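Secondary and tertiary structure notes
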Amino acid sequence: MAAGYADILRAPHAARLLTGTLVGRLPNATGHIAIVLFIRAEGGSYTLAGALAAVYGLATALGQPLLGRAVDLYGQPRVQLPAAVVSALGMALFAVAGTGPLPLAYAAVTIAGLFTPPLEGGLRALWPSVLGRQEQVHRAYAMDAVAQEVMFTVGPLLVTLLVALWSPAAALLVINAVGVLGALSVVMSAPSRSWRSAPREAHWLGALRSPGLLALLGALFFVGLALGSITVAGVAYADDHGRASVYGWLMAALGLGALIGGTAYGARQWAGAPERRLRILVALLAAGYLPLVLTPGVVAMTALSALAGVFLAPAIACAFIVVDRHAPRGTVTEAFSWLVTTFGVGAAVGTAVAGPVVEIGGTAWSFAVAGAAGCAALLVLTATQRVLAVPGRSKDIAGSAPASSENDRNGAAQPGFSSGREA
């Protein structure tokens, strides 16, 4: 397992691209946490904190597919870096202006979210040209999910550390400045500068004309909702126990669980249709969220949070392959950006719902939102399994397209599968 990941990282540019993408995505990964902590420090309510975090998430959700389509059309450097700079300036405005003029606060977080660069989708578009072999691309997806969970483990701790050492406003400024440096590292690399999308059929729906992709996104919306609700529920739990640091430990435990699960998942090659495997993983993910409603003591709750995260990274890694199998040709960055958008919308709804739920029903009920959302995701996958069972077909034999081409759907073809490319 470790040797397989090491082989990937030894490929030219791979370590730089992975690290730069993770660092560049740090502002978005910690944005909801930083906003909630900032608003609470300013004396704002849970409802206001949830509303601003929701606006940020919705703006990100809107901007990702639009910027992703722009990347497919114009290349990565011309879109990613300018977007990262504008997003950072929006969050800086929010940190400086505070909550005094609320319209300005809402406008600032809207700008920050709307211009969040689609680095996640951009990295997955680059893996085939960087790695060259399909089995390495598959493992890179798992490694990507694992590394992502490292970021989600370290990110909350970094935000709470910055808050403790300086202030919530300083945390917002530092995190976003670091994010710009990450985006700069990616777009200055040779693979990013030379990458071009495959020719695409002109269609106003773009990647969304795929029924299978729509079904997948519908399910992942509820996974995002669960994660968004946990963001607010975790803050409420920490407040109940009188220690702000408890929140960082809960979020870090959630990420650590996903890190462990993702590492184990990437240790082997999986046989069978990924759509069926995704249903099983989401069922296990939902089962992990349900015990959080018990809200036991801090030690036990931290352990439950780690358990709740175990199947998150495997589900995400499997979803990457499903996206590849169903996305129309020439929409690779846009399709992955829709995945980010789905999580963003779901997380925004989750934060918006969990805030009032905390104030009306208490902390346990806000964690119940996550459990219900996990079950809803499983229901969507079950109801649409016939649609998901028919990925886009290609005239080529599975795996016959060169791995360096974006046309082969990022090397998503597995033995016995179609490449997911439209004829």
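Conventions and cut-offs
- Residues numbered from 1 in each chain as written.
- Predicted model: local features only at pLDDT ≥ 70, side-chain atom pairs only at ≥ 80, totals over all residues.
- Heavy atoms only, no water.
- Axes fitted to C-alpha atoms, helices over the stretch in contact; angles between N-to-C directions.
- Helix = DSSP H or I, 4+ residues; strand = E, 2+ residues; numbered from the N terminus.
- Parallel < 35°, antiparallel > 145°, perpendicular 65-115°, else oblique.
- Left-handed = near helix turned anticlockwise from the far one by under 90°.
- Contact = heavy atoms within 4.5 Å.
- Nonpolar A, V, L, I, M, F, W, Y, C, P; charged D, E, K, R; others polar.
- Core = buried A, V, L, I, M, F, W, Y, C linked by side-chain atoms within 4.5 Å.
- Buried < 20%, exposed > 50% of the residue type's maximum accessible area, 1.4 Å probe, protein only.
- Salt bridge = Lys/Arg side-chain N within 4 Å of Asp/Glu carboxyl O.
- Phe/Tyr/Trp six-rings, centres within 6.5 Å; stacked < 30°, edge-to-face > 60°.
- Lys NZ or Arg CZ within 6 Å of the ring centre and 35° of its normal.

Let us now look at the packing of helix α13 (residues 274-289) against helix α15 (residues 312-326). As a packed pair, α13 and α15 sit with axes 9 Å apart at the nearest point and diverge in direction by 150°. One finds that α13 runs roughly antiparallel with respect to α15. Considering how the two elements wind past one another, α13 and α15 form a crossing that is left-handed. Judged by residue contacts, P274, E275, R277, L278, L281, L285 and Y289 of α13 engage L312, P314, A315, C318, A319, I321, V322, R325 and H326 from α15. When its residues are assigned to classes, the contact of α13 with α15 shows twelve nonpolar, one polar and three charged.

This part takes up the nonpolar core. Ranked by internal contacts, the top residues of the largest apolar core, which has 120 residues, are I35, F94, W127 and L278. Ranked by the residues each element gives to this core, the list is headed by helix α11 (residues 211-240), at 16 residues. Those residues in contact with I35 that lie beyond four places of it in its chain are A49, L52, A53, Y56, M91, F94 and V109.

Time to look at the pattern of salt bridges. Across all of its chains, the model carries five salt bridges by this definition. The shortest N-O distance in the salt bridge between R25 and E120 comes to 3.3 Å. Remark: E120 occurs in helix α7 (residues 119-131) and R25 occurs in the loop between α2 (14-24) and α3 (26-41); sequence separation between them is 95 residues. Under the relative-accessibility criterion, E120 is labelled buried at 11%. For R40, the salt bridge identified is with D239, shortest N-O distance 3.6 Å.

Okay, the packing of aromatic side chains next. Describing an aromatic ring pair means giving the distance of the ring centres and the angle of the ring planes. This model, assessed by the stated rule, comprises four aromatic pairs. Pairing F221 with F222 gives two aromatic rings, centres 5.0 Å apart and planes at 80°, and the pair type is edge-to-face. On the basis of an interplanar angle of 15° and a centroid distance of 5.3 Å, the ring pair of Y265 and W270 is categorised as stacked. One cation-aromatic arrangement involves R124 over F320; the distance from NZ or CZ to the ring centre is 3.6 Å. Just above the ring of F336 sits the side chain of R124; from NZ or CZ to the centre is 5.7 Å.

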